[in-house]
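# A look at the structure
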Amino acid sequence: MECLGDSGYPLERYLLTPFANPRTRGEERYNRSHTRTRVIIEQTFGLLKSRFRCLHRSGGSLQYEPRKCIKMVMACMYLHNKCVRRRVPLPEVMLEAVGEDEEDPDDPPPLQEAADPRPRHPRGFQTRNDIVDNFFA
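Below is a short write-up of the structure.

Criteria and cut-off values
- Residues numbered from 1 in each chain as written.
- Predicted model: local features only at pLDDT ≥ 70, side-chain atom pairs only at ≥ 80, totals over all residues.
- Heavy atoms only, no water.
- Helix = DSSP H or I, 4+ residues; strand = E, 2+ residues; numbered from the N terminus.
- Polar contact = N/O pair within 3.5 Å; in protein donor to acceptor, adjacent residues only side chain to side chain.
- Contact = heavy atoms within 4.5 Å.
- Axes fitted to C-alpha atoms, helices over the stretch in contact; angles between N-to-C directions.
- Parallel < 35°, antiparallel > 145°, perpendicular 65-115°, else oblique.
- Core = buried A, V, L, I, M, F, W, Y, C linked by side-chain atoms within 4.5 Å.
- Buried < 20%, exposed > 50% of the residue type's maximum accessible area, 1.4 Å probe, protein only.
- Expected span 1.5 Å × (residues − 1).
- Phe/Tyr/Trp six-rings, centres within 6.5 Å; stacked < 30°, edge-to-face > 60°.

## Focus: the environment of Gly46
Note that Gly46 resides in helix α1 (residues 25–51). As for Gly46 and His56, which are separated by 10 residues in sequence, their C-alpha atoms are 8.6 Å apart.

## Some points on the side chain of Asp6
Take Asp6: it is sitting in the loop between β1 (3–4) and β2 (15–16). Among the polar contacts made by the side chain of Asp6, one reaches the main-chain amide nitrogen of Gly8 at a distance of 2.9 Å. Excluding anything up to four places from it in sequence, Asp6 contacts Thr17, Pro18 and Arg38.

## Looking at the environment of Leu4
Mapped onto the fold, Leu4 is located in strand β1. Along the primary structure Leu4 and Leu16 are separated by 12 residues, whereas in three dimensions their C-alpha atoms are 4.9 Å apart. What Leu4 contacts, discounting residues up to four positions off in sequence, is Leu15, Leu16, His34, Thr37, Arg38 and Ile41.

## Description of the packing of α1 against helix α4 (residues 122–136)
Two measures define how a pair of helices packs: the angle their axes make with one another and the distance between the axes. Interaxial distance between α1 and α4 falls to 9 Å at its minimum, and their mutual angle equals 95°. Of the possible angle classes, the one that applies to α1 and α4 is roughly perpendicular. Residues Gly26, Glu27, Arg29, Tyr30 and Ser33 of α1 lie in contact with α4, whose contacting residues are Arg128, Ile131, Val132 and Phe136.

## Re the nonpolar core
Within the largest apolar cluster, six residues are counted, these being Leu11, Leu16, Phe19, Tyr30, Val132 and Phe136. Excluding residues within four positions of it along the chain, Phe136 makes contact with Gly26, Arg29, Tyr30, Ser33 and Ile131.

## A word on unusual backbone geometry
Although it is not a glycine, Arg87 sits at a positive phi angle of roughly 60°. Mapped onto the elements of the fold, Arg87 is located in the loop between α2 (66–85) and α3 (92–97). Given a relative accessible area of 75%, Arg87 falls into the exposed group.

## Considerations on α4
When the terminal C-alpha atoms of α4 are compared, their 21 Å separation across 15 residues agrees well with the 21 Å that a helix rising 1.5 Å per residue should span. Elements in contact with the buried residues of α4: β2 and α1.

## Some remarks on the side chain of Asn31
In this structure, Asn31 sits in helix α1. Not counting chain neighbours up to four residues away, the residues in contact with Asn31 comprise Pro18, Phe19 and Pro22.

## Considerations on the packing of aromatic side chains
In the structure shown here, the tally under the stated rule is two aromatic pairs. Taking 5.5 Å as the distance between ring centres and 80° as the angle between the ring planes, the aromatic pair formed by Phe19 and Tyr30 counts as edge-to-face. Taken together, the residues span a long stretch of sequence, with Phe19 in the loop between β2 and α1 and Tyr30 in helix α1 at a distance of 11 residues. For the residue pair Phe19 and Tyr30, the accessibility class agrees, reading buried in each case. Where Tyr30 meets Phe136, the ring centres are 5.9 Å apart and the plane angle is 85°; that geometry is what we call edge-to-face. Placement of Tyr30 in helix α1 and of Phe136 in helix α4 is noted, with a sequence separation of 106 residues between them. Judged by relative accessible area, Tyr30 falls into the buried class, the value being 4%. Put simply, the rings of Phe19, Tyr30 and Phe136 pair up and form one aromatic cluster.

Here it is, written out as structure tokens:
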């Protein structure tokens, strides 16, 4: 299973990042699709952080072992979906914050693909290229 990451992360076999300098139409289409998908994911994170302040920096942070944090986030997602099904609205104050481009200091700065000194897994390149060839070319 692959995950999507922004250009602040190195390309790995399990973490697909956009092309820093797309050279083909397929690579450009991949980048557009990657960006659209990440926007939806980021908006979803914003909604979850708005509804459940324990997930937002202003409400503190989850200072537990990763497995416990995963369970807490999953519980928040379950409860959020239940709220959506029952049409429980987000409070007005929370709606204002959703969708704002809020810079998170924990997010790594974007890096250029060629300038990234961190090691990469060669299968990451192969996986990304296979996806471009099979779905975007």
